[in-house]
Amino acid sequence: MTKTTGITWAAASARRLERQFLARRARTGTSVADVAAAMLGVHAQVLSAAELSVGLRADGVTRTDVRDALWPTAPPTPTPAHVPAPALVKTHGPRGTVHLLPPRDLPMWCAALPAIPSGTAAFPTDVRLTGEQAGQVVAAIADALDGAFLTIDELGEEVVARTGPWAGDLVMPAFQTMWPRWRQVLHRAGQCGALSFGPNRGRRVTYTRPPHFTPLPPEEASRLLVRRYLYAYGPATPQHFARWLAAPPGWAKARYAELAAAGEIEQVRFEGAPAWVAAGDTGFPDAAERDEPLRGVRLLPYFDAYVVAAQPRELLFPGAAYRRALAGGQAGNFPVLLVDGVAAGVWHQRRRGRRTTVTVEPLARLTARQERELADCAERVGAVLEAAAAELVIGEVTVGAHA
């Protein structure tokens, strides 16, 4: 390990893979919360993809382990007498999308995310909530979900009862129908710690309130989030950080400036351009050390944190991979084949009964060693998803990008 201020893409990638449990899987016994914390959240719009993101990073972990961490018991009623505290919380995280987060990180997330300036209002004036109304709805959601597991309709009834008929006005166009006004702040309630997802009741989604916590002061939380991001995915610029969070670049630049002035981050040269790392965190693998973490084949599912957060994107997705494995420049919409630390293809898995077929489309010919490693990766995908067997097919992936 060398200390340097001139960092190459290979050195940065090797360190990122190590810290993401992608160079070596976490040892048996490592908690799923520790894996999720290292990733800075597990994208969970597609729960099976989240299960793979965790399971592919930790020995012995399956989808059941992830679900048990989320919901230690599945309460059959809206107001169970007692539910054990979860090891993971499914809620709205970075970019307003659904993530799995460790409860211990909620004081940071639920202070830092609401502090990010919002963009242009998505709804016209006669539809959107005022600031005061939005606050009332979030408070009503928190109150209604405390100790309860409610469907969206049940939650809506509780919100209207606690606020007023205006919250239930059907004014939001959605999926060829109209939603009540209060639902426009559902993601905000998640980011504030008022709401998380509960286990399904039959085929219906339920919501609950995550374990109680005290948020950090917003400025402290934002600065901590920058340092955590740089530890996991640095070196990175303010623009990289803003892109990952879907935050205004000016806001991200101001956070970096504050941390730099306080001596909490420092500037380095990354591929010849200025970037930042956490102060003192300048050790990167040298040429002799970095080949092993980079070498090899890995399969990463939809919206895996590594492909979404690691920048610059054009170096992670070189050449043909930028066209094939991204959806209009958007990372995560395809499951990705990594070869020697860079995107080198796409893949898809399809379950039939107790068997799963993993189809991989490499963008270049694989060596015999790489094909053997790929077969091992496909078996691991099957093991995480608890399939009885996994078949590997190397060929064209015909499934399009995830929406």
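Residues numbered from 1 in each chain as written. Predicted model: local features only at pLDDT ≥ 70, side-chain atom pairs only at ≥ 80, totals over all residues. Heavy atoms only, no water.

S.K.: Mind showing me how you'd approach helix 16 (residues 368–384) here?
M.R.: Each α-helix winds once per 3.6 residues, and so residues spaced three or four apart point in a common direction. A rise of 1.5 Å per residue sets the reference length of helix 16, with its 17 residues, at 24 Å; its end C-alpha atoms lie 25 Å apart and thus fit the reference within 8%. Directly after helix 16, the chain includes Glu-386, whose backbone phi takes a positive value near 60°. (Helix = DSSP H or I, 4+ residues; strand = E, 2+ residues; numbered from the N terminus. Expected span 1.5 Å × (residues − 1).)

S.K.: Before we go on, may I ask you to explain the sheet that holds strand 2 (residues 6–7) in this structure?
M.R.: Read across the open sheet, the three strands follow the order 2-10-11; overall the sheet is mixed. Each of the sheet's edge strands pairs with one partner strand only, and the pair in question is strand 2 and strand 11 (273–278). (Pairing = 2+ DSSP bridges.)

S.K.: Would you explain the environment of Leu-101 in this entry?
M.R.: Tracing the sequence through the fold places Leu-101 in strand 5 (residues 98–101). Put simply, Leu-101 and Val-35 are 66 residues apart on the chain and 9.9 Å apart in space, counted from C-alpha to C-alpha.

S.K.: I keep staring at the packing of aromatic side chains and nothing clicks. Help me out?
M.R.: Here the distance between the centres and the angle between the planes together describe a pair of aromatic rings. Here the structure, examined in full by the defined rule, presents eleven aromatic pairs. Seen from their ring centres, Phe-241 and Trp-244 are 6.0 Å apart, and the 40° between their planes marks the pair as tilted. Taken together, the residues Phe-241 and Trp-244, both in helix 10 (residues 238–245) and three residues apart, mark about one turn of the helix. On the basis of relative accessible area, Trp-244 is assigned to the buried category, the value being 4%. Here Tyr-302 and Phe-303 contribute two aromatic rings whose centre-to-centre distance is 6.3 Å and whose plane-to-plane angle is 35°, an arrangement assigned as tilted. Phe-303 shares its class with Tyr-302; the two are buried. (Phe/Tyr/Trp six-rings, centres within 6.5 Å; stacked < 30°, edge-to-face > 60°. Buried < 20%, exposed > 50% of the residue type's maximum accessible area, 1.4 Å probe, protein only.)

S.K.: Quick question: what am I supposed to make of the sheet that holds strand 3 (residues 42–43) here?
M.R.: Hydrogen bonding along the main chain pairs the strands of a sheet, whether they run parallel or antiparallel. Strand order in the open sheet formed by three strands is 3-5-4, with antiparallel pairing between adjacent strands. Of all the strands in the sheet, the pair left with one neighbour each is strand 3 and strand 4 (89–92).

S.K.: Whenever I open this one, the side chain of Arg-298 confuses me. Can you help?
M.R.: Secondary-structure assignment places Arg-298 in strand 13 (residues 297–300). Notably, Arg-298 is buried but unbridged: the nearest opposite-charge side chain belongs to Asp-340, and the N-O separation is 6.3 Å. A distance of 2.6 Å separates the side chain of Arg-298 from the backbone oxygen of Leu-22, its partner in a polar contact. Those residues within four positions of Arg-298 in sequence are excluded, and the remaining contacts are Leu-17, Leu-22, Ala-23, Pro-293, Val-336, Leu-337, Leu-338, Gly-341 and Cys-377. (Lys, Arg positive; Asp, Glu negative; His and termini not counted. Salt bridge = Lys/Arg side-chain N within 4 Å of Asp/Glu carboxyl O. Polar contact = N/O pair within 3.5 Å; in protein donor to acceptor, adjacent residues only side chain to side chain. Contact = heavy atoms within 4.5 Å.)

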